[in-house]
Amino acid sequence: MPIEPIYYYQDAWAFERILAHRPAQHIDVGSHHKLVSLLSKAVPTATVDIRPLSVTLDSLQFIEGSILDLPFEDHSLTSVSSICVVEHIGLGRYGDPIDTQGSIKAANELQRVLAPGGHLFVSLPIDDTDKVYFNAHRAFTEQTILRMFSQLELLQKRYIFDDQFVTEIRPGFGTGCYEFRRPLTP
């Protein structure tokens, strides 16, 4: 059985980067259940999703909520992830309302809750031009991604192209993995 390289690499990357910071608590927004379940065994973790979990773990707290209206105060979270999520927002695929600005609103909401010095881990499809893949996801140029998260400073970026996890962007469709931090001072 072949392994899906995007989930394999992005989840391993996010897991490693989050553990490197050893946050007192980590909040995940909408990422794959395997990532958050394993992460919860190493770091106190809560997951926010519009879709209820059908299973439970004592180590994982579930919070029903939307990436468009996170149930947290402004600048209150020190460690947040949203892996392979932002590109779906506003397309209706997961029960969310149709909204052409959905991904931008999701990026703004992730930035809103991030505390000064806090880390945000995201992955998004990248391509040579901004595109919508009907009823699936969006893809963005790296310039668009950096504009979407312009309140934050970029600490690390890695890329997945086909079955390779690399440090340099390439032409064509891939996935970008980004670690951002909110500056301590504006």
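Residues numbered from 1 in each chain as written. Predicted model: local features only at pLDDT ≥ 70, side-chain atom pairs only at ≥ 80, totals over all residues. Heavy atoms only, no water.

1. Quick look at the side chain of R138
Here comes step 1: For R138, the position within the fold is in strand β7 (residues 137-139).
Here comes step 2: One buried charged residue, R138, remains without a salt bridge, the closest side chain of opposite sign being D99 at 6.4 Å.
Here comes step 3: At a separation of 3.0 Å, a polar atom in the side chain of R138 contacts the side chain of S103.
Here comes step 4: The residues contacting R138, other than those within four sequence positions of it, are E87, H88, I89, G90, L91, D99, T100, G102, S103, P125, K131 and V132. (Helix = DSSP H or I, 4+ residues; strand = E, 2+ residues; numbered from the N terminus. Buried < 20%, exposed > 50% of the residue type's maximum accessible area, 1.4 Å probe, protein only. Lys, Arg positive; Asp, Glu negative; His and termini not counted. Salt bridge = Lys/Arg side-chain N within 4 Å of Asp/Glu carboxyl O. Polar contact = N/O pair within 3.5 Å; in protein donor to acceptor, adjacent residues only side chain to side chain. Contact = heavy atoms within 4.5 Å.)

2. Looking at the sheet that holds strand β2 (residues 45-49)
Here comes step 1: Spatially, eight strands are ordered β3-β2-β1-β4-β5-β10-β8-β9 in an open sheet, and the strand pairing comes out mixed. Two strands close off the open sheet at either side, each with one partner strand: β3 (60-64) and β9 (164-166). For this sheet, the mean inter-axis angle between neighbouring strands, taken without regard to orientation, is 20°.
Here comes step 2: Along the sheet, helix α1 (residues 5-21) contacts β1 (26-29), β4 (77-83), β5 (114-126), β8 (153-161), β9 and β10 (174-181); its crossing angle with β10, the most-contacted strand, is approximately 10°.
Here comes step 3: Across the sheet, helix α3 (residues 102-113) lies against β1, β4 and β5, angled at about 155° from β5, the strand it touches most. (Pairing = 2+ DSSP bridges. Axes fitted to C-alpha atoms, helices over the stretch in contact; angles between N-to-C directions.)

3. Concerning the nonpolar core
Here comes step 1: Counting 32 residues, the largest nonpolar core has L110, L120 and F149 as the members making the most contacts within it.
Here comes step 2: If you tally residues by element for this core, the top one is β5, at five residues.
Here comes step 3: L110 has contacts with V29, I67, L70, V80, S82, V86, L120, V122 and F149, leaving out every residue within four places of it along the chain.
Here comes step 4: Membership of the second largest hydrophobic core comes to 12 residues, among which are I18, I83, C84 and C177. (Core = buried A, V, L, I, M, F, W, Y, C linked by side-chain atoms within 4.5 Å.)

4. Points about the packing of aromatic side chains
Here comes step 1: What the rule picks out here adds up to eight aromatic pairs.
Here comes step 2: Here the aromatic rings of Y133 and F173 are separated by 5.7 Å at their centres, their planes lie at 75°, and the arrangement is edge-to-face. Of this pair, Y133 sits in strand β6 (residues 131-133) while F173 sits in the loop between β9 and β10, and the two are 40 residues apart along the sequence.
Here comes step 3: Taking relative accessible area as the criterion, Y133 reaches 30% and is therefore assigned partly exposed.
Here comes step 4: What makes F173 partly exposed here is its relative accessible area of 36%.
Here comes step 5: Taken together, a centroid distance of 5.1 Å and an interplanar angle of 20° make the contact between F149 and F180 stacked. Here F149, found in the loop between α4 (142-148) and β8, pairs with F180, found in strand β10; they are 31 residues apart in sequence, far enough to count as distant.
Here comes step 6: On the accessibility criterion, F149 (1% relative accessible area) is buried.
Here comes step 7: Ring-pair connections join several aromatic residues into one group, and the members of that group are F149, Y159, F161, Y178 and F180. (Phe/Tyr/Trp six-rings, centres within 6.5 Å; stacked < 30°, edge-to-face > 60°.)

5. Looking at the layout of surface pockets
Here comes step 1: In this structure, the largest pocket spans a volume of roughly 670 Å³.
Here comes step 2: Elements with a minimum of two residues in the lining of the largest pocket: α2 (33-39), β2 and β3.
Here comes step 3: Within the lining of the largest pocket, the residues separate by chemical class into 19 nonpolar, 11 polar and three charged.
Here comes step 4: Counted as a void, the second largest pocket has a volume near 270 Å³. (1 Å grid on protein atoms, 1.4 Å probe; cavity = no way out; pocket = protein on both sides within 12 Å on 5 of 7 lines; lining within 4 Å. Points joined across faces, edges and corners; volume = space filled by probe spheres on them. Nonpolar A, V, L, I, M, F, W, Y, C, P; charged D, E, K, R; others polar.)

6. Side note on α3
Here comes step 1: The terminal C-alpha atoms of α3, which comprises 12 residues, lie 17 Å apart, in line with the 16 Å expected from a rise of 1.5 Å per residue.
Here comes step 2: Burial in α3 covers these residues: G102, S103, A106, A107, E109, L110, Q111 and V113.
Here comes step 3: Buried residues along α3 sit in contact with β1, β4, β5, β7 and α4. (Expected span 1.5 Å × (residues − 1).)

7. Quick notes on the pattern of salt bridges
Side-chain pairing between opposite charges can occur once the charged atoms of the two side chains come close.
Here comes step 1: One pass over the structure, following the stated rule, counts eight salt bridges.
Here comes step 2: R17 is the partner of E179 in a salt bridge, and the nearest nitrogen-oxygen pair spans 2.8 Å. Taken as a pair, E179 in strand β10 and R17 in helix α1 lie far apart in primary sequence, 162 residues in all.
Here comes step 3: Residue E179 is classed as buried on the basis of its relative accessible area of 1%.

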